[in-house]
Amino acid sequence: MEIIVIKMGGVASDNLTPAFFEQITQWQAMGKKIVIVHGGGHYISEMLQKLALPVQIKEGLRVTDAQTLEITRMVLLGQVQPMITTHFQQAGFQAVGLNAGCDQLIQGAIIDHSLFGYVGEATAINHQLLQLLLEGNHIPILAPLGITAEGQWLNINADEVACQVANSLGAEGLVLLTDVPGIKKESQWLQQVSLTDIKGLIQNEVVTGGMLPKLASARKALQNGVKVVRITNRLEKKGTLIQANHEKILLCE
């Protein structure tokens, strides 16, 4: 089963264009199975601001206290996921919205409570559940939340969840959709980088902010057998390709 995992933002109108769905249709026609992991940071920040609560970001991750966690769950599961799932269904796809509470779908652990609060990392994915849905030609749509062994819900970076899902399913490809065309270096968009290039891009601060979790996820996915990771702002565009082995950095066309 050839699987492509796509991480997309929570703003459906930005991602779910006719070209997006045409690419999904083409992949399905080739026999590929699709899994979606969605974010929702824009809507979470919007709700926090409406409630006069602070928005704190550290190292590209949202600092999440107990109150912020409840709002995050409410927004992701009550607003963002139904909106995205509806778009897929209206486009003719068999989409199923899922969260960490679905048969222990996403298990997690707290990263550093003193620094980030209830922010976690994904430790295990119920890939059997996902495979069952994929075999039925469904498109699972996952919210980036996890649950610890003790039942504590966690806010997990969507790139991290997408990486772990890709690893657990043995996916051939991981696509990280973002709001920029790829990785930028000295005013040039990079067409392709290698796994070994990532360390230098981070150490030399070529990559900062929200791109840091994406590169960390890309590195982890490639180290665990995913063949190729793409960072792009449009599914139909190549963006920056990251592979385990590549001789030199190329610039985007």
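Look a little higher up for the structure.
What this report covers is the structure whose coordinates are included nearby.

The rules behind these values
Residues numbered from 1 in each chain as written. Predicted model: local features only at pLDDT ≥ 70, side-chain atom pairs only at ≥ 80, totals over all residues. Heavy atoms only, no water. Core = buried A, V, L, I, M, F, W, Y, C linked by side-chain atoms within 4.5 Å. Buried < 20%, exposed > 50% of the residue type's maximum accessible area, 1.4 Å probe, protein only. Contact = heavy atoms within 4.5 Å. Helix = DSSP H or I, 4+ residues; strand = E, 2+ residues; numbered from the N terminus. Pairing = 2+ DSSP bridges. Axes fitted to C-alpha atoms, helices over the stretch in contact; angles between N-to-C directions. Parallel < 35°, antiparallel > 145°, perpendicular 65-115°, else oblique. Nonpolar A, V, L, I, M, F, W, Y, C, P; charged D, E, K, R; others polar. Expected span 1.5 Å × (residues − 1). Arc of directions from axis to C-beta. Phe/Tyr/Trp six-rings, centres within 6.5 Å; stacked < 30°, edge-to-face > 60°. Salt bridge = Lys/Arg side-chain N within 4 Å of Asp/Glu carboxyl O.

**Digging into the nonpolar core**
The biggest cluster of nonpolar side chains holds 74 residues, and the ones touching the most others in it are Val5, Ile6, Phe88, Val165, Leu174, Ile183 and Ile242. Aside from chain neighbours lying at most four places away, what touches Leu174 is Val5, Ala162, Cys163, Ala166, Ala221, Val226, Val228, Val229 and Arg230.

**What to know about the pairing of strand β1 (residues 3-8)**
Buried residues dominate β1, accounting for 6 of its 6 residues. Both faces of β1 are covered, namely the face carrying Ile3, Val5 and Lys7 and the face carrying Ile4, Ile6 and Met8. Two strands pair when backbone bridges link them, and β1 and strand β2 (residues 33-38) are joined in this way by 6 bridges, in the parallel orientation. The partner of Ile6 across the bridge, within β2, is Ile36. Both β1 and strand β11 (residues 173-177) contribute to a ladder of 4 bridges, which runs parallel. Bridge assignment links Lys7 to a residue of β11, and that residue is Leu176.

**Focus: the packing of helix α6 (residues 127-135) against helix α7 (residues 158-169)**
In the contact formed by α6 and α7, the axes pass within 10 Å of each other and the chain directions differ by 75°. Viewed along their axes, α6 and α7 adopt a mutual orientation that is roughly perpendicular. On the side of α6, the interface is formed by His127, Leu130, Gln131 and Leu134, while α7 contributes Val165, Ser168 and Leu169. Partitioning the contact of α6 with α7 into residue classes produces 4 nonpolar, 3 polar and no charged.

**Let's talk about helix α2 (residues 18-29)**
Under the 1.5 Å per step criterion, the end-to-end length of α2 is 16 Å for 12 residues, consistent within 8% with the ideal 16 Å. Along α2, the residues that are buried comprise Phe20, Phe21, Gln23, Ile24 and Trp27. Relative to the axis of α2, the buried residues are bounded by an arc of 155° and lie together on one face. Pointing more than 90 degrees away from the buried face of α2 are the exposed residues Pro18 and Ala29. Once α2 finishes, Gly31 follows within two positions and takes phi at roughly 90°, a positive value.

**Some words on the side chain of Glu160**
Locating Glu160 in the fold gives a position in helix α7. On the basis of relative accessibility, which here comes to 11%, the residue Glu160 falls in the buried class.

**Quick word on helix α9 (residues 211-223)**
For α9, with 13 residues, the first-to-last C-alpha span of 18 Å sits near the 18 Å given by 1.5 Å per residue. Buried residues of α9: Met211, Pro213, Lys214, Leu215, Ser217, Ala218, Ala221 and Leu222, and no others. Looking one or two residues past α9, Gly225 carries a phi angle of roughly 105°, positive in sign.

**Some details on the packing of aromatic side chains**
Tallied over the entire structure, the rule returns 5 aromatic pairs. With a centroid separation of 5.9 Å and 85° between ring planes, the pair formed by Phe20 and Phe88 is classed as edge-to-face. You can see Phe20 sitting in helix α2 and its partner Phe88 sitting in helix α4 (residues 66-90), a full 68 residues away along the chain. Aromatic rings pair up to connect Phe20, Phe21, Phe88 and Phe93 into one cluster.

**Overview of the pattern of salt bridges**
Using the criterion set out here, one finds 6 salt bridges in the structure. The partner of Glu2 in a salt bridge is Lys32, with the nearest N and O atoms 2.8 Å apart. Within this pair, whereas Glu2 is found in the segment before β1, its partner Lys32 is found in the loop between α2 and β2, the two being separated by 30 residues in sequence. Here Lys32 falls in the buried class, since its relative accessible area comes to 11%. With a shortest N-O distance of 3.5 Å, Glu70 and Arg73 are connected by a salt bridge. Of the two residues, Glu70 and Arg73 are both situated in helix α4; the distance of 3 residues between them amounts to about one turn of the helix. You can call Glu70 partly exposed: its relative accessible area is 45%. What emerges from the salt-bridge pattern is a single network uniting Glu2, Lys32 and Glu172.

**Section: the environment of Met1**
Within the secondary structure layout, Met1 lies in the segment before β1. Taking the relative accessible area as the measure of exposure, Met1 reaches 52% and is therefore exposed. Here Met1 is in contact with Lys33, Gln131, Leu134 and Glu135, once residues within four sequence places are set aside.

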